[in-house]
Amino acid sequence: MSVKSVFALVIAAVIAVLLYGSVFLIYPHEQAVVTQFGRIERAVREPGLYFKTPFIQSVEYLDKRARYLEQSEREVIASGKKRLLVDSFARYEISDPIVFKRQAKFLSNFESQLNGFMEASLRDVVAEYTFKDIVRDKRDELVELIRKSVDEKTQRLGVSLVDYRIRRADLPQENSEAVYRQMQTERQQEANGIRADGEKLSQQIRSVADRNATVIIANAKRDAEIQRGVGDALRNNIFAAAYGKNADFFEFYRTMKAYENSLSNGDTRLVLSPDGEFFSYFNNAGDSPAAIEPAADASSDAAEPVTPASNDAAANPAVVEDPAVSTN
């Protein structure tokens, strides 16, 4: 190989090295900071092929994507001196690579500072809220205040805080059990109060109903007695009028009804004296009351007298029975 050929190869190699040292490539998810002897010259944020001074300038690549930082569980004090265990995380991205390199220099240093910012803001904000606000009522408001507070601090380092979230906020185990017992007691007291109010209202309703029922029943009994009295009076008047028209026939009719009611079952036995008044119509006509005469009627002839029962029944002076039953 000739000297010219060797020289040409050397020149080509030098040119290739110079070209390689002067060209750098930025991918879409990257951004870069060009430094010269440790001094920041410029920042490159758009993807593409760029040039730099070989051997003099150097390129440091930074991630353009949002990064995730998880904060370990922290114990903080809420309003009312309640201790809480809070587990949170944040997402951030480098918004100004030049400021980031000047202030934070390295990603590990920045994440250490960010962790401190998050803890300080968390303690400051949580101290103004109650346990219920943090856990349920004002969770979003509290998170937004912490995010803004941390974002103001990270902007000075060239970083924007994309998001901040509280994953879990809870009481320590020993406090959780005490709060649970307290809540259980409060709910039990509330339930007892509701039951007492219901029982009181029930007694009031029941007493009003009982009073109304008593009044209604008393009025009904009063009206019933009045109607019964009116009916009895009317019945007595009818009986008195009928008795007044023909007393003998009325007496005969009442005696027959007494016989019917007494001997209706077919197995009735009466052990009475045959001379008693109850058997007066079983005696001879001469021994019985006067023959029943129908009431005189001005418009009709006198009715045929009714003759009492024959004195055959008087032949057995000891017992009078239902015809269907034999005599002892």
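Report on the accompanying structure.

1. Describing the overall build of the protein
Each helix and strand counted, the protein has seven helices and 10 strands in total. Of all 328 residues assigned to the protein, the portion counted as buried reaches 25%. Expressed as a percentage of contacts within the protein between residues at least 6 apart in sequence, the contacts between residues at least 24 apart total 64%. Accessible surface, the protein as shown: approximately 21900 Å² in total, 56% of it carbon and sulfur.

2. Digging into a nonpolar patch on the surface
A contiguous nonpolar patch, built from Val-6, Val-10, Val-14, Val-17, Leu-18, Phe-37, Phe-55 and Ile-56 and spanning about 760 Å² of accessible area, is present on the exposed surface. Mapping Phe-37 onto the fold places it in the loop between β2 (30–36) and β3 (39–44).

3. Structural notes on the sheet that holds strand β5 (residues 57–63)
One open sheet accounts for three strands, arranged β3-β2-β5; its pairing is antiparallel. Edge positions in the sheet fall to β3 and β5, since each of these pairs with one other strand and no more. Averaged over all neighbouring strand pairs, the angle between strand axes comes to 25°, with direction disregarded. Where β2 and β3 come together, five bridges link them in antiparallel fashion. Looking at the pairing, Thr-35 lines up with Ile-40 of β3.

About the cut-offs
- Residues numbered from 1 in each chain as written.
- Predicted model: local features only at pLDDT ≥ 70, side-chain atom pairs only at ≥ 80, totals over all residues.
- Heavy atoms only, no water.
- Helix = DSSP H or I, 4+ residues; strand = E, 2+ residues; numbered from the N terminus.
- Buried < 20%, exposed > 50% of the residue type's maximum accessible area, 1.4 Å probe, protein only.
- Contact = heavy atoms within 4.5 Å.
- Areas by Shrake-Rupley, 256 points an atom, 1.4 Å probe, with all protein chains shown as cover.
- Patch = residues over 30% accessible without salt bridge, like charges linked within 9 Å, V, L, I, M, F, W, Y side chains within 5 Å.
- Salt bridge = Lys/Arg side-chain N within 4 Å of Asp/Glu carboxyl O.
- Pairing = 2+ DSSP bridges.
- Axes fitted to C-alpha atoms, helices over the stretch in contact; angles between N-to-C directions.

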